[in-house]
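Structural overview for review
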Amino acid sequence: MVNTTPDLSAVPVYGSSGEAAKPQTKVEIQNLSFYYGRNQVLRNISLEVPANQVTAIIGPSGCGKTTLLRCLNRMHDLYPGNRYEGSVKLHPGGTDILGPGMDPIRVRMRFGMVFQKPNPFPKSVYENVAYGLRLQGMSKRRELDERVEKALRESALWDEVKSRLHHLAHNLSGGQQQRLCIARAIATDPDVVLFDEPTSALDPIATSKIEELIVEMKKRVTVVIVTHNLQQAGRISDQTAFMYLGELIEFGETHRVFTNPAKPQTEDYISGKFG
């Protein structure tokens, strides 16, 4: 399924009152709880992720940020004994990706994911990007070539690797490998791209490139990023969710959350009293 929703992210939409209209919801999380066996680690999370924006999830270690992120593309299904409660609906359409009969592999095609450390496959640059496309049934070489080039261009990597597409991906630098993983994630035209601390293992220059890329990506897809770096969340996100002990404490526009938090726990975390 290719997202055909027109890109209106740069065009302000106003209601009859003259105020900017609320952005459309892309992911609707309702009363989501998650269990590792008998251990409950997420507690009744309800959250609406807006389309074509960057949503940051912040909070101290162990608060459930990454667990929540991995619920969104059914990564927890890879391990026995894990259990979800509640729903996660993808819009437009409102399909519950946790619903019975939903194929986790198809969910992962809609929710691309980039992990904390670059994890290219032990294949060529080209085959890393083509991997998901082949899973989708694409086999024509010309079509594959076009889609691989498109993904590499959108991840700001094409000019650096176009002469070594058939070299091993592990020969790239760390920052290049992470951008390759982004290209791999977006090649299948997902609705949402999930980032789990994508720059924590990178130097400042590579980090800056990834941040610029994420800001540019929201013109085409919805982005959710888990980060420990509050400065990074402030730089690149439109919305911020603060989590603590498996619960969603506060969610709202990033500038408001950082400058005028509604909850004392949020203010204490942002001001460095704990974390």
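Structure: above.
Reading the values: rules and limits
- By convention here, each chain's residues receive numbers from 1 onward along its written sequence.
- Predicted model: local features are reported for residues with pLDDT of at least 70 only, side-chain atom pairs are reported and counted for 80 or more only, and whole-chain, interface and lining totals are derived from all residues.
- Water and hydrogen atoms play no part in the side-chain values, which are based on all heavy atoms of the structure.
- Segments assigned H or I by DSSP are reported as helices when at least four residues long, segments assigned E as strands when at least two residues long, and all are numbered from the N terminus.
- Multiply 1.5 Å by the residue count of a helix minus one, and that product is the helix's expected span.
- When accessible area is computed with a 1.4 Å probe and restricted to protein chains, residues below 20% of their type maximum are described as buried, those above 50% as exposed, and intermediate ones as partly exposed.
- Summarising the geometry, the arc corresponds to the directions from the helix axis toward the C-beta atoms.
- Two residues form a contact once any of their heavy atoms are found within 4.5 Å.
- Under the rule applied, a polar contact is a pair of N or O atoms within 3.5 Å (in protein, one hydrogen donor and one hydrogen acceptor; residues adjacent in sequence only if both atoms are side-chain atoms).
- Any pair of Phe, Tyr and Trp rings, taking the six-membered ring for Trp, is counted once the centres come within 6.5 Å. Such a pair is stacked with planes under 30 degrees apart, edge-to-face with planes over 60 apart, and tilted for the rest.
- Either the NZ atom of lysine or the CZ atom of arginine qualifies as a charge over a ring when it sits within 6 Å of the ring centre and within 35 degrees of the ring normal.
- To define axes, lines are fitted to C-alpha atoms, for helices over the stretch in contact only, and angles between the resulting N-to-C directions are given on a 0 to 180 degree scale.
- When describing relative orientation, an angle under 35 degrees is termed roughly parallel and one over 145 degrees roughly antiparallel, while 65 to 115 degrees is termed roughly perpendicular and anything else oblique.
- What makes a crossing left-handed is the near helix being turned counterclockwise from the far one by less than a right angle; a clockwise turn instead makes it right-handed.
- Lys, Arg, Asp and Glu make up the charged group, whereas Ala, Val, Leu, Ile, Met, Phe, Trp, Tyr, Cys and Pro make up the nonpolar group; the residues left over, Gly among them, are polar.
- If DSSP finds at least two bridges between two strands, the strands pair.

A short note on helix H7 (residues 204-217)
In this model H7 runs 20 Å from its N-terminal to its C-terminal C-alpha over 14 residues, within 8% of the 20 Å that 1.5 Å per residue would give. For H7, the full list of buried residues reads Ala-206, Thr-207, Ile-210, Glu-211, Leu-213, Ile-214 and Met-217. Around the axis of H7, the buried residues are gathered within 160 degrees of arc, so they sit on the same side. The exposed set on the far side of H7, more than 90 degrees from its buried face, consists of Pro-204, Ile-205 and Glu-212. At its buried positions, H7 is contacted by strand S3 (54-58), helix H4 (141-154), helix H6 (174-186), strand S7 (192-196), strand S8 (222-226) and helix H8 (230-236). N-cap assignment for H7: the residue whose side-chain oxygen lies 2.9 Å from the backbone N of Ile-205 is Asp-203.

What to know about the packing of aromatic side chains
Within this structure, the stated rule accounts for six aromatic pairs. Three or more aromatic residues joined by ring pairs form one cluster here, namely Phe-242, Tyr-244, Tyr-269 and Phe-274. Against the face of Tyr-35 rests Arg-83, its NZ or CZ located 4.0 Å from the ring centre.

Description of helix H3 (residues 125-135)
Within the sequence span of H3, burial applies to Val-125, Tyr-126, Asn-128, Val-129, Ala-130, Gly-132 and Leu-133. With its phi angle positive at about 100 degrees, Gly-137 sits one or two positions after the end of H3.

Notes on the packing of H4 against H6
Helix-helix packing: each pair is described by the crossing angle between the helix axes and the interaxial distance. Look at H4 against H6: their axes get within 8 Å of each other, and the N-to-C directions meet at 130 degrees. Judged by the angle between their axes, H4 and H6 are oblique. The crossing of H4 and H6 is right-handed. On the side of H4, the interface is formed by Ala-151, Leu-152 and Glu-154, while H6 contributes Leu-180, Ala-183 and Ile-186. Split into classes, the residues belonging to the contact of H4 with H6 amount to five nonpolar, no polar and one charged.

A look at the sheet that holds strand S9 (residues 239-244)
With mixed pairing, the six strands of this open sheet are ordered in space as S6-S7-S8-S3-S9-S10. Pairing within the sheet leaves two strands with one partner each, and these edge strands are strand S6 (111-114) and strand S10 (247-253). With direction set aside, neighbouring strand axes in the sheet form an average angle of 20 degrees. Inspection of the sheet shows S9 paired to S10 by six bridges, in the antiparallel sense. Of the residues in S10, the one forming a bridge with Phe-242 is Glu-250. Relative to S6, H6 is tilted by about 170 degrees, and along the sheet it contacts S6 and S7.

A short note on the side chain of Arg-147
Looking at where Arg-147 falls in the secondary structure, it is placed in helix H4. In contact with Arg-147, not counting residues within four places along its chain, are Leu-133, Gln-136, Met-138, Ala-187, Thr-188 and Asp-189.

Looking at the pairing of strand S4 (residues 82-90)
Note on strand geometry: in a regular strand, side chains alternate between the two faces of the sheet. Looking at chain direction, strand S1 (residues 25-36) and S4 are connected through eight bridges and run antiparallel. Opposite Gln-30, over in S4, you have Ser-87 as the bridge partner.

Overview of the sheet that holds strand S2 (residues 39-50)
Read from one edge to the other, the open sheet built from four strands follows the order S2-S1-S4-S5, with strand pairing classed as antiparallel. At either end of the open sheet lies a strand with only one pairing partner, and these are S2 and strand S5 (95-96). For S1 and S2, the ladder comprises eight bridges, and the chain directions are antiparallel. Paired with Ile-29 across the two strands is Leu-47, which belongs to S2.

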